[in-house]
Each structure stands twice: as C-alpha cells, then as structure tokens.
Amino acid sequence: LQGKLNPQQALKADLKQSLSEGLQVHLSARDSHLVIAGKSQLIALTSSVTLNGSQLTGIDLQADMAGNIIKANGSLGVPESQLQWQAELLNLAALGTQFSGQVHANGTVDGALDDLALHFKLLAEKLTLPGAIKAEKLDGQATLMAGDSGKLDAELLATGLQVAENPILDGNLSLQGT
C-alpha cells in the first residue's frame, strides 16, 4: 500500500487552554489517496478529539474512501463513556480485486480504557473476501467485554456461504464464553 495524506489543516493542538480542559487535536484531509492493487482511491478525513488525562472526549471522526464511510463520535476512558460508530462500506471492491459486496455495521465501545466493551451489529450482502470466501448474506451481532468480567456473546446467520469449491451452505453460529 502507498498513498498520500494531504492535510488541509495539519495537526492542530490548542495549547492555550488550561490543563483541566485537555488538549484538543484536529485533523482534516482532502484530495488524499491510497493506492490499492495499482488503483488510486480518494480519501477524505475529518477528526477531532480532546485528550484529558486518560480520557478521550469530544471524539468526532468521519472518513470516506471511495464511498466507504466510517463515522465515530463520543468519548472513551471512564466507566460511563461511550463511543458510537458506524461503517457503511458500500464499495468493498475499492479495497482490492479480492473484495466485493457491501457491509453495514454499527455499534458502541463503552467504558474505561482498561475495561472496554464492544457491542456491534453487522449486515453484509453479496460478500466476497480473500481466500475464496463468499456469502450471499451475513447478519449478526456480538458483545465482547474485557477485564475481569470479560465475556463473548455472538450470533451470526450466514446465507449462501461458500469457502473455495466447497458446497454452499446456510448456517447459524452462536458463540458464548468468558
């Protein structure tokens, strides 16, 4: 992979703020690109975050590469914090010739940095991945929790799943554990 990040504003930190208000960092990039499999893909990025001790607040991120959009906003670092995210990957072929289809995913990352929990929902359609993996549809959700109370709880329904030349199958996968 190679590319060019063309920031409109370089990393900008507001050092005039008092330490109690944290350090604000902003990044915006347009007319940037990433070269994947010999093909240049445009990238646009805007982000901001405030760093205050072990807390990240005011997180606001939006990235777009060839119609594949990732957004996140919220905070991380204390038990009651929450970062909401969304991925609308409508042009997976932009990631290379071994990819195709669409993925819609959203979720949250909650909690202190040393005890995070990830919750997400996923819907993928007409999916092709490296390793000759194909699926007409993948639909599921999962929760992953770290720390002493860590657990995994996931459900995935696959329709029209095929790996290499093996027969097409439909299936339901449930995972639970600690």
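Nothing here was measured: the structure is a model prediction, and the numbers come from that model. (Residues numbered from 1 in each chain as written. Predicted model: local features only at pLDDT ≥ 70, side-chain atom pairs only at ≥ 80, totals over all residues. Heavy atoms only, no water.)

What the chain contains, in helices and strands, is 0 helices and 12 strands. In the chain, the succession of helices and strands from N to C terminus is β-β-β-β-β-β-β-β-β-β-β-β. Burial status across the chain gives 26% buried among its 178 residues. Counting contacts in the chain only where the partners sit at least 6 residues apart, residues at least 24 apart contribute 32% of the total. (Helix = DSSP H or I, 4+ residues; strand = E, 2+ residues; numbered from the N terminus. Buried < 20%, exposed > 50% of the residue type's maximum accessible area, 1.4 Å probe, protein only. Contact = heavy atoms within 4.5 Å.)

Tracing the backbone through its elements, the reader meets Asn-68 in strand E6 (residues 68-76). Sequence separation between Asn-68 and Val-103 is 35 residues, and the spatial gap between their C-alpha atoms is 9.2 Å. With residues up to four places along the chain from it excluded, the contact list for Asn-68 reads Ala-63, Glu-88, Leu-89, Leu-90, Asn-91, Leu-92 and Ala-94.

The next thing to look at is the pairing of strand E3 (residues 23-36). Within a regular beta strand, the side chains point alternately toward one face of the sheet and then the other, so they alternate between its two faces. In this sheet, strand E4 (residues 39-52) lies alongside E3 in antiparallel orientation, the contact comprising 12 bridges. By the bridge assignment for E4, Val-25 is matched with Val-49. Count of turn residues in the E3/E4 antiparallel hairpin: 2 residues, of which Ala-37 carries a positive phi of about 50 degrees. (Pairing = 2+ DSSP bridges.)

Okay, the pattern of salt bridges next. Counted according to the given criterion, the structure contains 1 salt bridge. Between Glu-136 and Lys-126 there is a salt bridge, with its nearest N and O atoms 2.6 Å apart. Of this pair, Glu-136 sits in strand E10 (residues 133-145) while Lys-126 sits in strand E9 (residues 117-129), placing them 10 residues apart in sequence. (Salt bridge = Lys/Arg side-chain N within 4 Å of Asp/Glu carboxyl O.)

The next thing to look at is the confidence of the model for the chain. Should the pLDDT be low somewhere, the predicted coordinates at that spot are not to be read in detail. Of all residues in the chain, 88% attain a pLDDT of 70 or more, and the chain-wide mean is 87. Of all helices and strands in the chain, the one with the weakest mean pLDDT is strand E2 (residues 7-13) (55), whereas strand E7 (residues 82-89) scores best (98). (pLDDT = per-residue confidence, 0-100.)

Right, let's get into the pairing of strand E12 (residues 169-177). With 8 bridges connecting them, strand E11 (residues 151-163) and E12 associate as antiparallel partners. Residue Leu-161 lies in a different strand from E12, and its bridge partner there is Leu-169.

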